[in-house]
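# An overview of the molecular structure
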Amino acid sequence: MSDHFDVIVIGGGPAGYVAAIRAAQLGLKTACIDERQGKDGKAAPGGTCLNVGCIPSKALLDSSKHYHHVQHQYSEHGIQVSGQVNMDINAMLARKDKIVKQLTGGVTQLFKSNKVTFINGRGKLLKDRKVAVTDSGGQAQEMSAEHVILASGSIPIAIPNVDYDGRYIVDNEGALEFSQVPQRLGVIGAGVIGLELGSVWKRLGAEVVLFEALDSLLAAADKDIGKAAGREFKKQGLDIRLGTKVQSAEINNGEVLVKLTTPDGEDSVTVDRLLVAVGRRANTEGLLGEDTGVTINQRQQIEVDEHCRTSAENVWAVGDAVRGPMLAHKGSEEGIAVAETIAGQAGHINLDTVPWVIYTDPEIAWVGKTEQELSEAGVEYTSGSFPFAATGRGLAMGDATGMVKLLADAETDRLLGAHIIGANASELIAECVVTMEFAGCAEDLARIVHAHPTLSEAVHEAALNVAKRAIHRVN
Ligand code: FAD
Ligand code: NAD
């Protein structure tokens with residue numbers, strides 16, 4: 001069977017499925033091919049994000065946060081829980097699975113309502129924008145398109161001498177599925193996944209030790225935020241060992257022996273489960289046939305220009321498979337931009353204003369430049385910060401940890417970076433993104449009315465503090 005489309009998208013994660021829907025909305029005859037299947041063996045579009053990434057991890061973060069709060073925070077509100085508080089791990093996992101299924105089913109519905117042809121199978125780009133497809137039933141077919149969008153996503157990086165077995169040594173997928181709380185959980189990599197999933201199992205009762213190769217925590221974040229985060233995680237009992245490299249991990253009698261090189265020499269630690277979270281790499285193996293003209297670089301990423309064009313005519317690539325941050329919203333915006341460009345519109349994405357969020361407690365969020373990046377680039381800047389402890393809302397909530405820090409150009413006052421650690425940082429960062437997208441200044445934020453009492457008042461006060469005129473702190 002052969003079929004010709006305006007657009008074929010290979011990969012149905014947040015980059016690919018969003019590109020397909022937008023292309024279809026713009027009147028293009030569109031197909032999306034995604035090979036993933038859910039636990040029930042049925043098609044599960046939505047990629048890493050919906051199936052084994054953003055969504056299930058947030059479901060567990062929220063469940064474990066409730067459990068932790070019942071035990072440790074409700075009493076300060078006068079809420080007394082008599083008797084023991086128990087966590088039904090299977091119920092927690094079932095809730096997560098239900099949310100995943102609802103969302104992947106939602107993507108299938110969106111494909112139908114937008115008339116996107118969805119094929120649950122594996123796609124391979126051939127020469128001249130032909131695509132070989134093997135569907136989940138093993139049926140092979142060839143399709144072709146005016147444009148092909150590659151959105152094959154990413155997979156976890158493995159490290160030497162540490163072999164995943166899916167039970168004792170796991171990646172993110174395994175760490176979302178522990179059916180019991182491990183007594184001792186080791187995590188290689190104190191990055192985003194390590195901190196989020198380490199927090200989940202810590203709150204549920206595991207002893208969690210994180211081995212981080214670098215000497216500083218969250219090296220990509222602003223240094224003040226990284227330091228504040230380190231202090232908070234330490235208070236929570238996360239044992240983060242910086243400057244520690246894992247040499248090997250061995251499974252023996254249901255335990256994992258982790259051998260380490262630490263700043264003080266060789267060491268070893270025994271844990272019950274080991275999560276490897278040392279980063280992800282583009283998933284491009286087997287994606288391309290001969291002579292497609294698409295260039296893959298040494299990091300296995302598909303090479304693209306600023307418009308996500310590959311080196312082959314009318315072949316585009318988006319999401320984790322290309323350069324830039326590996327974030328769902330970045331991939332989705334690229335998908336939209338490419339679909340719009342194909343349809344003759346001015347598709348656009350600004351990688352300088354992609355926000356980052358880490359969903360720990362406190363949450364961490366930022367956009368734009370860090371203080372260290374500005375210093376290194378020799379940019380003259382001013383900064384203003386404000387602690388949540390000085391906000392009425394933070395205190396009323398009983399969640400007043402952290403701060404907002406803003407960086408602005410010293411001459412023009414243009415907002416160059418915003419860094420937040422605290423409750424709802426994930427939501428608060430949005431107004432800073434908007435300000436930066438509109439080339440706004442710290443003064444713009446300072447002159448906007450912010451509702452009282454809200455946590456957003458900390459953003460307002462930090463903006464006032466750039467000009468050293470915050471009201472509720474000594475400047
Ligand atoms: P993917 O989501 O990886 O999707 C690609 C899809 O293509 C997959 O389903 C794959 O099976 C399929 N595929 C690949 N090759 C082929 C082929 N040849 N044929 C057919 N199908 C193919 N990001 C955030 O922004 N916020 C978060 O909170 C967040 N949390 C995360 C938590 C975890 C534990 C992990 C692992 C990641 C998280 N991320 C988060 C990152 C986010 O999941 C990715 O950035 C995002 O999923 C990338 O989207 P994508 O569409 O490029 O690729
Ligand atoms: P990461 O890049 O965030 O962190 C990996 C950490 O492992 C780094 O701190 C690195 O220094 C360390 N490391 C690397 N090799 C090591 C080694 N051999 N021994 C010890 N430490 C080592 O990667 P991740 O946590 O695996 O997450 C992958 C990506 O997924 C993230 O970068 C992000 O793009 C995405 N993600 C996003 C979110 C979110 O947006 N909230 C959540 C999870 C994942």
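See the structure shown above.
Structural notes, computed from the coordinates. (Residues numbered from 1 in each chain as written. Chains lettered and ligands numbered in written order. Predicted model: local features only at pLDDT ≥ 70, side-chain atom pairs only at ≥ 80, totals over all residues. Heavy atoms only, no water.)

### Quick notes on the site of ligand 1
Taken together, 38 residues sit near ligand 1, with Thr 48, Lys 58, Gly 123, Asp 320 and Ala 328 positioned nearest. In this structure, Ala 15 approaches ligand 1 through a main-chain N or O atom, which is 2.9 Å from an oxygen atom. About the coverage of ligand 1: the protein hides 94% of its 1,000 Å² of free accessible area. Elements with a contribution of two residues or more to the shell around ligand 1: strand 2 (30–34), helix 2 (47–52), helix 3 (54–72), strand 3 (117–125) and helix 8 (328–342). With four residues, the single largest contributor to the shell around ligand 1 is helix 2. Each residue belonging to the shell around ligand 1 can be placed in one class, and the counts come to 14 nonpolar, 17 polar and seven charged. (Near = heavy atom within 4 Å. Polar contact = N/O pair within 3.5 Å; in protein donor to acceptor, adjacent residues only side chain to side chain. Areas by Shrake-Rupley, 256 points an atom, 1.4 Å probe, with all protein chains shown as cover. Helix = DSSP H or I, 4+ residues; strand = E, 2+ residues; numbered from the N terminus. Nonpolar A, V, L, I, M, F, W, Y, C, P; charged D, E, K, R; others polar.)

### Some details on the pattern of salt bridges
As enumerated under the stated definition, the model contains 21 salt bridges in all. Here Asp 97 makes a salt bridge to Lys 96, at a shortest N to O gap of 3.0 Å. Lys 330 is the salt-bridge partner of Glu 334, the closest N and O atoms lying 3.1 Å from each other. Here the residue Glu 334 and the residue Lys 330 both occupy positions in helix 8, the gap between them amounting to four residues, near one helical turn. Look at Glu 334 and you get buried, because its relative accessible area is 0%. By relative accessible area, which is 1% here, Lys 330 ends up buried. Each of Asp 222, Lys 223, Asp 224, Glu 371 and Lys 405 takes part in salt bridges that share partners, so that together they form one network. (Salt bridge = Lys/Arg side-chain N within 4 Å of Asp/Glu carboxyl O. Buried < 20%, exposed > 50% of the residue type's maximum accessible area, 1.4 Å probe, protein only.)

### Overview of the site of ligand 2
Neighbouring ligand 2 are 22 residues, the closest being Ile 193, Glu 212, Gly 279, Met 326 and Val 357. In the model, an oxygen atom of ligand 2 is placed 2.6 Å from a nitrogen or oxygen of the Glu 212 side chain. Separating an oxygen atom of ligand 2 from a backbone N or O atom of Gly 279 is a distance of 2.8 Å. The element contributing the most residues to the shell around ligand 2 is helix 6 (residues 192–203), with three residues. For the shell around ligand 2, the residue count by class is 14 nonpolar, four polar and four charged.

### Thoughts on the side chain of His 419
With respect to the secondary-structure elements, His 419 resides in strand 21 (residues 415–422). Polar contacts involving the side chain of His 419 include one to the main-chain carbonyl oxygen of Lys 369, which spans 2.7 Å. Sequence-distant contacts of His 419, that is, excluding residues within four places in its chain, are made with Asp 222, Ile 225, Ala 365, Trp 366, Val 367, Lys 369, Thr 370, Met 403, Val 404, Lys 405 and Leu 407. (Contact = heavy atoms within 4.5 Å.)

### A word on the sheet that holds strand 19 (residues 381–387)
Spatial ordering of the open sheet is given by 17-18-21-20-19, a layout of five strands whose pairing is antiparallel. Of all strands in the sheet, those bounded by a partner on one side alone are strand 17 (356–358) and strand 19. Averaged over all neighbouring strand pairs, the angle between strand axes comes to 10°, with direction disregarded. Relative to strand 18 (residues 363–368), strand 17 runs antiparallel, the two sharing three bridges. By the bridge assignment for strand 18, Val 357 is matched with Ala 365. (Pairing = 2+ DSSP bridges. Axes fitted to C-alpha atoms, helices over the stretch in contact; angles between N-to-C directions.)

### Description of helix 6
Along its twelve residues, helix 6 runs 17 Å from first to last C-alpha, staying within 8% of the 16 Å computed at 1.5 Å per residue. Counting buried positions along helix 6 gives nine out of twelve residues, so the element sits mostly inside the fold. Among the residues of helix 6, those classed as buried are Gly 194, Leu 195, Glu 196, Leu 197, Gly 198, Ser 199, Val 200, Trp 201 and Arg 203. Immediately beyond the C-terminal end of helix 6, within one or two residues, lies Gly 205, with a positive phi of roughly 120°. (Expected span 1.5 Å × (residues − 1).)

### Here we look at the nonpolar core
Ranked by internal contacts, the top residues of the largest apolar core, which has 37 residues, are Leu 185, Trp 201, Leu 218, Leu 275 and Ile 364. When contributions to this core are tallied by element, the ones reaching two or more residues are helix 3, helix 4 (89–113), strand 8 (184–188), helix 6, strand 9 (207–211), helix 7 (223–235) and strand 18. Excluding residues within four positions of it along the chain, Leu 275 makes contact with Val 170, Asp 171, Asn 172, Ala 175, Leu 185, Gly 186, Val 187, Ile 188, Ile 193 and Leu 197. Counting 29 residues, the second largest nonpolar core, distinct from the first, contains Leu 406, Ala 408, Leu 415 and Ala 463. (Core = buried A, V, L, I, M, F, W, Y, C linked by side-chain atoms within 4.5 Å.)

### As for unusual backbone geometry
Look at the link from Asp 361 to Pro 362: it is a cis peptide, with omega at 5°. Between His 452 and the following residue, Pro 453, the backbone shows a cis peptide bond with an omega angle of -5°. Examined against the element boundaries, Pro 453 turns out to sit in the loop between helix 12 (442–447) and helix 13 (456–466). With phi around 70°, Asp 413 is a residue other than glycine that occupies positive phi space. When you line up the elements, Asp 413 lands in the loop between strand 20 (403–409) and strand 21. A positive phi angle is found at Ala 439, which is not glycine, with a value near 55°. Residue placement: Ala 439 occurs in the loop between helix 11 (425–437) and helix 12.

Note that every value here comes from positions in space, so none of it alone points to a role or purpose.
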